[in-house]
Amino acid sequence: MSKTYINVLKEGPIGIIQLNRPNALNALNRLMVDEIVEQLEEFNRDDQIRVILLKGNHRAFAAGADIEEMMEDTPLTLEMTDPFAVWDRISLIKKPIIAAVNGFALGGGFELALHCDLIIAAEDAKFGFPEVKLGVMPGAGGTQFLTKAMGRRKALEWIWLGESMSAKEAAHYGVINRVVAPELVEEEAMRLANQLTKQAPISLRLIKEAVYAAEDLPLLEGKKLERKNFYVTFASEDQNEGMQAFKEKRPPSFKGV
Ligand code: CAA
């Protein structure tokens, strides 16, 4: 399956989206972002898909929003078309999303990776928000995600200076999950995705909701939501399967119901 700016494929229960605008280092124009969001939503609805993987190519995950396209904008076109609002739909995807990052993940490219739940990156990957050097600032969630990940002082330093962060630094600050050799990024991301496909899908989705809630809710509210989600798992056949499998000393086989 191919669209204009992305390639889409399914490997068993893993839905893969590859950004495919190599001549512009996968710079994200608006049609491309629409295609990514629509495909994420399609995978989210697809019963066969348990985990989603987002990747670029060896040179770039994505080098940011498309600067040429943005140069045409005025405050009014931005206000009327609200181009970054569509990104909020990524935060509504309930299945795990893994980003496999080689090369540049800058500006909107970094924001796209930060919208994913887990990030695997190459040792030579470069993360950063260079927007300040263009006389603008991150607009698709960068200030929020980075501050939640690394704290206010460090986030300000990186975003103010607009410098690139190595994968090692990003991992050190808890911004990404794992760093591997460039040629192993996809393999590692697929390995992780495969591990997740073995887990109970309903648990994964309720865990995702609870963990994200922890960033926004006061402790007691968050604990209340966690409890409710825990209780909901007992409505699933997978809860029964998981506990029976433990008792019978065999691996569980989860069906997502
Ligand atoms: N938008 C449009 N085109 C881009 C692009 C972008 N963000 N990034 C790279 N390209 C294009 C280049 O114009 C070039 O095209 P041509 O071959 O037609 O000239 C092609 O991709 C290859 O890029 P370079 O020749 O520049 O490659 P390089 O290896 O010398 O440099 C780079 C790589 C350091 C990433 C450099 O391309 C660069 O600085 N890119 C811009 C990064 C940036 O500022 N991103 C933030 C954008 S704003 C944003 O994202 C706002 C937001 O919050 C949503």
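Quick note: structure is the one above.
All of these numbers come straight from a predicted model, not from anything done at the bench.

Rules used throughout
Residues numbered from 1 in each chain as written. Predicted model: local features only at pLDDT ≥ 70, side-chain atom pairs only at ≥ 80, totals over all residues. Heavy atoms only, no water. Core = buried A, V, L, I, M, F, W, Y, C linked by side-chain atoms within 4.5 Å. Buried < 20%, exposed > 50% of the residue type's maximum accessible area, 1.4 Å probe, protein only. Contact = heavy atoms within 4.5 Å. Near = heavy atom within 4 Å. Polar contact = N/O pair within 3.5 Å; in protein donor to acceptor, adjacent residues only side chain to side chain. Areas by Shrake-Rupley, 256 points an atom, 1.4 Å probe, with all protein chains shown as cover. Helix = DSSP H or I, 4+ residues; strand = E, 2+ residues; numbered from the N terminus. Axes fitted to C-alpha atoms, helices over the stretch in contact; angles between N-to-C directions. Parallel < 35°, antiparallel > 145°, perpendicular 65-115°, else oblique. Nonpolar A, V, L, I, M, F, W, Y, C, P; charged D, E, K, R; others polar. Pairing = 2+ DSSP bridges.

**Details of the nonpolar core**
- Among the nonpolar cores identified, the biggest contains 61 residues, and Val 101, Phe 127 and Leu 146 are the most heavily contacted of them.
- Excluding residues that lie within four positions of it along the chain, Leu 146 makes contacts with Phe 110, Phe 129, Gly 151, Ala 155, Trp 158, Ile 159, Met 165 and Val 175.

**A short note on the site of the ligand**
- Near the ligand there are 22 residues, and of these Arg 59, Ala 65, Gly 108, Glu 111 and Glu 131 occur at the shortest range.
- One of the backbone N or O atoms of Ala 65 is found 2.9 Å from an oxygen atom in the ligand.
- Between Gly 108 and the ligand, the recorded distance is 2.8 Å, taken from a backbone N or O atom to an oxygen atom.
- Relative to its unbound accessible surface of 980 Å², the ligand loses 62% to contact with the protein.
- Looking at the shell around the ligand, the elements that each hand over two or more residues are helix 2 (67-70), strand 6 (104-106) and helix 4 (108-115).

**Quick word on the packing of helix 9 (residues 201-216) against helix 10 (residues 219-233)**
- Direction vectors running N to C along helix 9 and helix 10 enclose 175°, while the axes themselves pass 9 Å from each other. Comparing their axes, helix 10 and helix 9 come out roughly antiparallel. Of the residues in helix 10, those in contact with Ser 203, Leu 206, Glu 209, Ala 210 and Ala 213 of helix 9 are Leu 225, Glu 226, Asn 229, Val 232 and Thr 233.
- Here the contact of helix 9 with helix 10 is built from residues that sort into 5 nonpolar, 3 polar and 2 charged.

**What about the sheet that holds strand 8 (residues 126-128)?**
- Spatially, 4-6-8-9 is the arrangement adopted by the 4 strands of the open sheet, whose pairing is mixed. The sheet is open, and its two edges are formed by strand 4 (60-62) and strand 9 (164-166), each paired on a single side. The sheet shows a mean angle of 25° between the axes of neighbouring strands, direction not considered.
- Taken together, the 3 bridges between strand 6 and strand 8 define a ladder with parallel strand orientation.

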